[in-house]
Structures are given as C-alpha cells and as structure tokens.
Amino acid sequence: MQASKDTLLWMYEKMVEIRHYEETMATVYLEGKLPPAIQKGLAFDIGSGPVPGEMHLAAGQEPVAVGLCAHLKQEDTVVGTHRPHHFAIAKGVPLNPMTAEMFGKVTGLGRGKGGHMHLFDPVHKFSCSGLIGASLPPACGAGLAAKKMGKDWVAVAFFGEGAANQGAVHESLNLAALWQLPVIFVCEDNKWAISVPKDHATSIEWVADRASAYGMPGIKVAQNDAVAVYEAVAPAIARARAGQGPSLIEVKTDRYLGHFQGDPEVYRPKDEVPNLRKNDPIPKLAVQLKSAGQLSEAEDAALVARAKQRVADAFAFARESAYPVPQEALQHVFA
Amino acid sequence: MTTRTLTMAQAIAEAIGQEMERDNTVFVMGEDIGKYGGIFGATGGLLDRFGPERIMDTPISETAFIGTATGAAAAGLRPIAELMFVDFFGVCMDQIYNHLAKNTYMAGGNIKLPVVITTAIGGGYNDAAQHSQCLYATFAHVPGLKVVVPSNAYDAKGLMTQAIRDDNPVMFMYHKGIMGLPWMAYYEGSSNEVPQEQYTIPFGQAKVVRAGNDVTIITLSQMVQKSLLAADELAKQGISAEVLDLRTLVPLDRAAVLKSVAKTGRLLVADEDYLGFGLTGEIAAIVAENLDTVALKAPIKRLAVPNVPIPYSRPLEQFVIPQVKGIVEAAQALMKGRVLEGVAA
C-alpha cells in the first residue's frame, strides 16, 4: 500500500513536531537541575526544576510512531511505553494537557498525578506506563473489547527490544493469536535497553522471528524510515480490521539521546550517535518530498513554523497553568 | 582501623566486592549492573574487578533471573540478584515469595537458599506511582524473607556483608534518596565513616541513633535522616526526641521498640511505606500488646504515606510523603496528648 501525498505530508509534519517537542523538552528539563541551583556537590538534581523526575525522549524514533499511527483512527487504541511522546503525539493526544501533565499541573491529562510515563487520554485512546512489557496485555484487552463490540477497531502495543524478553510479552502474544485479537504488536529495536545492547540480552537477531512461534505473521522493517514502516504495517492493520488476528512488527530504529535525560551513556561508543544522525529520517523525507514536487521550500518553512508554534504554545500553557492543591493528592484513588 | 567517608552506594559496592574476593561462590545478576555499575551505583566498579562471569547483566526477565538465583543457591552458590526498582516486584513476585521464601520451610529446613535480592526503594524526586514505593512491609509480611533497610553507609556495608553470609534469602532494600548519588538530592547524614576492613552488623538489632527522653521516633531508611533533622528542631523547643533506627524488619528488634517506648511513654512511628496494614500498625500493635509493662502518656501517632498511589506533581508528592516538618508537628502533638486514666478491673 503506497502512502498518499497527504499521508506523506502528515507523517513528515508529525515527525517535525515530535522532534521539536523532544528537543525542546531536553532543554526545558534541565532548568533548575544544574549547579548552582541545586544541593552543593551534586552535578545534577533529578527532582528539581519545573519538569522533575525521569524523562525518556524519543528523538530518532519518530518513524515508528508516525508510520504506524498514519493508519489509525481515533477509535483505535495505542498503548505506549516509558518513552511515550512520539506515540502520544502521533496518536493525536493534544500537546497542551500532555505538556501540562509533565509539569505536574492540574490542567494535565492526569491532573498532575501521573507524570510523563503515565499519560492517559481516553478520548484519543492512548495510555502508557513505566513497567517494561506492560503495554501488551492492555492492548489485548482493547482488541478483545473491539471484537466483542463488533467493531473493526484495532489496538497497537509498542514495546522495545529489551521488553521482548519479559514474561508479559510472551503471554500476550499467545493470547492474542489464540483468541484472534485485532492487535498489532510493534517492537522498536533501538538496540539499547538502558546500557545493555540487544545482542547481550536477546538470544536471536530479530524479535519478529518469534512471531511464527506464536502463530502470527512477523514483519521486519530494517530501515528507520516512516514510509517503510507505513508500507510494511499496512497488511497487519488490514488483517486485524478484517478479524484475521494479530501481527508482530519489528522496526530497527535509533535512540539519539540517553535512556533517560541525564544519562551519561558511559556504555555507548562516543561516535555512535553522530553516525546515527547522518541517517536522520526527517531531513531524508523532506528531500524525498521536495524532489517529488510534493513539498516546496515555502511550504516546508510554513509547516515547520506551525509545528514549532504548537510546541511553543504547549510549553507556555504548561508553565502558565496552576498546580493542584496539595490535598488533592488524596482524591481519585477510586472513581 | 582506617575509615573514610563513603556514600551509601559506595559502601554497598565495597561490601559486595570484598565478599566476592573472600568467597568465589558469590556472584551478581541484574539489569545494568555491569558497565553501568547499577542504576543506583550498588555495583559500581565491580565489573572491572570481577569480569562478566561474576557481574552478569541480564535481560529484562526478572522471573527468570531471580528464579535462577534460587536454583543456583540451591546448588551451592551465593547469588546476589538486583531488582532494579522494588516497584517491579510484581513481575517476579511468585519466584520470590512462593519459592525463594518458602522452599526452606517446605523442605523441613533441609535446604539453604543464600540469596540476596538488592533493590532500590523510595520517592521524593518525582518518579511517580510506579517508581517511588518502599514496600518493605509487603516483603516483611510474607513469611520466609529477611528484610534489611539501611539508613546510612556504615550500616549498609555491615548489613550487606551479613546479608551475603546469611544462608537465607535477604531482601536488601536501599533508599535512592540516601545513596549519595551525584544526580539526586540526598540527606548527607547517610554518608558517614566506613571502615576499610570487612565487618558485619547482626540482623535484629535496632540502633538508638539519638538518645532522648520525651518522645520516641521509631523509623528506618531515609526517614531516619529526616527524623534526626526533626529531632534537632524539637531540641530547640525543649523536646528531647529519641530516634530508633530499626535497620532490619525481619528479624525485628521488638525489645528495642519496647525499651524506648517504656522510657519516653510517647511513640511516633515515621514510615515512608503505605499507612494501612503496614509497618506503623505492626509497631503500634507490639506496644499495644505490652501495655501491662509499658506505660503510654499519649496515644500512639503514625506518620506514613496515605493509601494513595504516589503522585507525580511536586506539591502532591510532598504532601503524601512525610517530611521533616510533619515529624516535628507530630512530636509536638504527642507532647500534648493524654491517655485515659486506668479503669480498675
């Protein structure tokens, strides 16, 4: 299935937006965390500043999110990981409440209670969590619900190559295949599970090769390329919508930043990221679009400006929003 | 005796390294414990000294590698397995509480399982509900696990050496906010003088880290450091607080609990785990069972995280996790408390 011009432009603009978002967050995250604003003797204080706590950014991994989400409707479900921003943005989660959540503001998706690894948007059917491999079972649930309700909705579970060795993943793959659930399991292989490279953790080269063991098709995407992802997952989406069951996709992608912001990445060769960035998928798609006459320089400039404005507006919204009152911590345990 | 100031993380890594030199059956498994040195520094420098055969990075497969620790221990080795965050116990709890904890008993005492599970606990730096819990009460509640929760570097080294030499499963739970990491604010009282040589601290021995006469604060982990700061504040107001650091929950030093409460008659239990069905209730119950020999001057006060998931946003998190100010206020309230006069039998 070839991507239409509209789809290509959508994917490109979304990737521009996601990259700008992640780069903005990488800078904003550092506010208040460095000397001299922090405890004496510390190089960094993770709990300080307007966006405290852990931060896991997806710069480099945009193609996986947009290539998949270009196929989705609002009613389709996406369950993401601890590195969720590219999935959330591609799924249509509005930037303002998403950002406010990361600033811990009451206008956030979770009224400040969840934070960046726990983003819940029931309207856009997006959720994520901080436990590795935990995205697959709820995606099976969304698929089961769609099937029981007689809808052609699909569910997508994203997980990393590091997660592929976690028990919940194996149980979910079997269950989805057994019950013919409309789930697309997408493994992002960014080669690193924090500091452990794939070949030190996984007994085989391609996680997608496990698909046949579970009774579903496995699809391999060797390039970190939105169009390649889009075309490769199309049959999986069609299968799921037609009631023919799940598929497992694996995409080779690149993690440009650390596992978490502040990660000194002592385990990573110093020249690795600069080399990866030479294959940056975003300028590559821009070149492709321009050469095909589908995007002019002026249109590109306008698109980039729009995307940057949306991001700027979101961060401004977050900063200006109020914090919740402390006593609200005791509310919302139960609905 | 040479001592130098170490952070708690350095003390833990030193204890493991020295015991690995002494006993070649000791080895470590866990995620990012190799080149990374453990996400919280507990195995810093050990890969370079001992190599990947004994400092083994694992896949993200906790059930498999913790079960592997059980099996290796049954076969005569002494594994240390790191559960990166205690909050992740859900993915491997069966191997811990149904097997590692119970096999010795079910075998009538005929097998030994010398496993140490190291794990990071605690919040206060905005890591939200799935990465900020303490949960030591959960592990203390199920039978068969020793539970060790150090509050400072000196104790951490002695307790870790003891843990590795113990022939039983030990949960060694270190609070991230007292590890002395260069990237997380921490209570500096947790870094202290640590002897170069090996030493052990027996389990089941609480420590009076500050003697006092008016109020007993029973506590552990990072809350010990907060309680000491609170005690300084209280002293300025003429309130003399005794701070008892439990150090281990299983075994628990019940005698030290009763001795301190008998001395002051006023008890505050300060805990960072959840309030309901937990440590504070256990300590209160121990005292309540001994009111024939221990007199209370005021009802017991319990300070703990209310039974809500730990929220992300700073004002919310600061509200639910007990702070120095809250400990001071609770102690002040205790001084004003009264019990009913005894009723004749």
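Reading guide: rules and limits
- Residues numbered from 1 in each chain as written.
- Chains lettered and ligands numbered in written order.
- Predicted model: local features only at pLDDT ≥ 70, side-chain atom pairs only at ≥ 80, totals over all residues.
- Domains from an automatic or database assignment.
- Contact = placed C-beta atoms within 7 Å.
- Helix = DSSP H or I, 4+ residues; strand = E, 2+ residues; numbered from the N terminus.
- Nonpolar A, V, L, I, M, F, W, Y, C, P; charged D, E, K, R; others polar.
- Buried ≥ 20, exposed ≤ 12 C-beta atoms within 10 Å, placed from the backbone.
- Pairing = 2+ DSSP bridges.
- Right-handed = clockwise from strand over helix to strand, strands pointing away.
- Axes fitted to C-alpha atoms, helices over the stretch in contact; angles between N-to-C directions.
- pLDDT = per-residue confidence, 0-100.
- Parallel < 35°, antiparallel > 145°, perpendicular 65-115°, else oblique.
- Left-handed = near helix turned anticlockwise from the far one by under 90°.

Draft legend 1. Quick look at the domain arrangement of chain B. Residues and elements named next belong to chain B. Its domain assignment divides chain B into domain 1 (3-195) and domain 2 (207-336). Summarising the inter-unit geometry, the C-alpha centres of domain 1 and domain 2 are found 26 Å apart. Across the contact, 28 residues belong to domain 1 and 21 residues belong to domain 2. Looking at the side of domain 1 that touches domain 2, the elements that each hand over two or more residues are α6 (136-141), β6 (146-148) and α7 (153-165). Residue classes in the side of domain 1 that touches domain 2 are distributed as 15 nonpolar, 11 polar and two charged.

Draft legend 2. Spatial organisation of the interface of chain B and chain A. Contact residues are listed per partner, giving 32 residues for chain B and 45 residues for chain A. With five residues, the single largest contributor to the side of chain B that touches chain A is helix α11 (residues 314-320) of chain B. Looking at the side of chain B that touches chain A residue by residue, the classes come out as 20 nonpolar, seven polar and five charged.

Draft legend 3. The arrangement of the pairing of strand β5 (residues 183-189) of chain A in detail. Residues and elements named next belong to chain A. Across the seven residues of β5, seven count as buried, placing the element largely inside the fold. Looking at chain direction, strand β4 (residues 155-160) and β5 are connected through six bridges and run parallel. Note that in β5 the partner of Ala155 across the bridge is Val183. Taken together, β4, helix α6 (residues 167-178) and β5 constitute a β-α-β crossover, and its handedness is right-handed. Pairing of β5 with strand β9 (residues 247-252) involves six bridges; the strand directions are parallel. Across the sheet, the residue bridging to Cys187 is Glu250, located in β9.

Draft legend 4. Molecular detail of the sheet that holds β6(B). Residue and element names in this part refer to chain B. Reading across the sheet, the seven strands line up as β3-β2-β4-β5-β7-β6-β12 and stay open at both edges, with mixed pairing between neighbours. Because the sheet does not close on itself, it has two edges, and the strands there are β3 (55-57) and β12 (248-250). Adjacent strand axes in the sheet meet at a mean angle of 20° when their direction is disregarded. Here β6 pairs with β12 via two bridges, running antiparallel. Within β12, the position partnered with Val147 by the bridge is Val250. Across the sheet, helix α1 (residues 8-22) is in contact with β2 (26-30), β4 (78-85) and β7 (170-175); its angle to β2 comes to roughly 135°.

Draft legend 5. Quick peek at unusual backbone geometry. Geometrically, the link from Pro35(A) to Pro36(A) is a cis peptide bond, its omega value of 5° lying close to zero. Relative to the helices and strands, Pro36(A) resides in the loop between α1 (5-29) and α2 (62-69). That bond from Val250(B) to Pro251(B) is cis: its omega, -5°, falls within 30 degrees of zero. Positionally, Pro251(B) belongs in the loop between β12 and α9 (254-264). Phi at Arg111(A) takes a positive value of approximately 55°, unusual for a residue other than glycine. Mapped onto the fold, Arg111(A) is located in the loop between α4 (95-102) and β2 (120-121). On the basis of neighbour count, Arg111(A) is assigned to the buried category, with 21 C-beta atoms found within 10 Å. Here Asp32(B), not a glycine, exhibits a phi torsion of approximately 60°, which is positive. Looking at the secondary structure, you find Asp32(B) in the loop between β2 and α2 (46-50).

Draft legend 6. Looking closely at the environment of Ala128(B). Residues and elements named next belong to chain B. Relative to the elements of secondary structure, Ala128 occurs in the loop between β5 (116-121) and α6. A tally of 25 C-beta atoms within 10 Å means that Ala128 is categorised as buried. Taking the C-alpha atoms as reference, Ala128 lies 29 Å from Asn192; in sequence the two are 64 residues apart.

Draft legend 7. Quick peek at the confidence of the model for chain B. Chain-level statistics for chain B give a pLDDT mean of 97 and a share of 99% at 70 or above. Prediction confidence for the complex, expressed as pTM and ipTM, is 0.97 and 0.96 respectively.

Draft legend 8. Inspection of the packing of helix α3 (residues 62-74) of chain B against helix α4 (residues 93-100) of chain B at higher detail. All names here are of chain B. Where α3 contacts α4, the axes come no closer than 8 Å and their chain directions differ by 25°. Considering their axes alone, α3 and α4 lie roughly parallel with respect to each other. Listed contacts from α4 to Thr63, Ile66, Gly67 and Thr70 of α3 are Gln95, Ile96, His99 and Leu100. Taken together, the residues of the contact of α3 with α4 sort by class into three nonpolar, five polar and no charged.

Draft legend 9. How the structure looks around the pairing of β4(B). Residues and elements named next belong to chain B. Across the eight residues of β4, eight count as buried, placing the element largely inside the fold. With five bridges connecting them, β2 and β4 associate as parallel partners. By the bridge assignment for β4, Gly30 is matched with Glu82. Where β4 and β5 come together, five bridges link them in parallel fashion. The residue of β5 that forms the bridge with Ile80 is Val116.

Draft legend 10. Representation of the packing of α2(A) against helix α8 (residues 226-241) of chain A in the model. Residue and element names in this part refer to chain A. At a closest axis distance of 8 Å, the pairing of α2 and α8 adopts a crossing angle of 40°. Overall, the two elements α2 and α8 adopt an arrangement that is oblique. Note on packing geometry: the crossing formed by α2 with α8 is right-handed. From α2, Pro63, Val64, Val66, Gly67 and Leu68 reach across to α8, where they touch Ala226, Val229, Tyr230 and Val233. Tallied by class, the residues present in the contact of α2 with α8 amount to eight nonpolar, one polar and no charged.

Draft legend 11. Just the sheet that holds β5(A), in detail. Residues and elements named next belong to chain A. Spatial ordering of the open sheet is given by β2-β3-β1-β4-β5-β9-β8, a layout of seven strands whose pairing is mixed. In the strand order of this sheet, the two ends are held by β2 and β8 (218-221), each with one partner. In this structure, β8 lies alongside β9, joined through four bridges in parallel fashion. If you follow Lys220 over to β9, its bridge partner there is Glu250.

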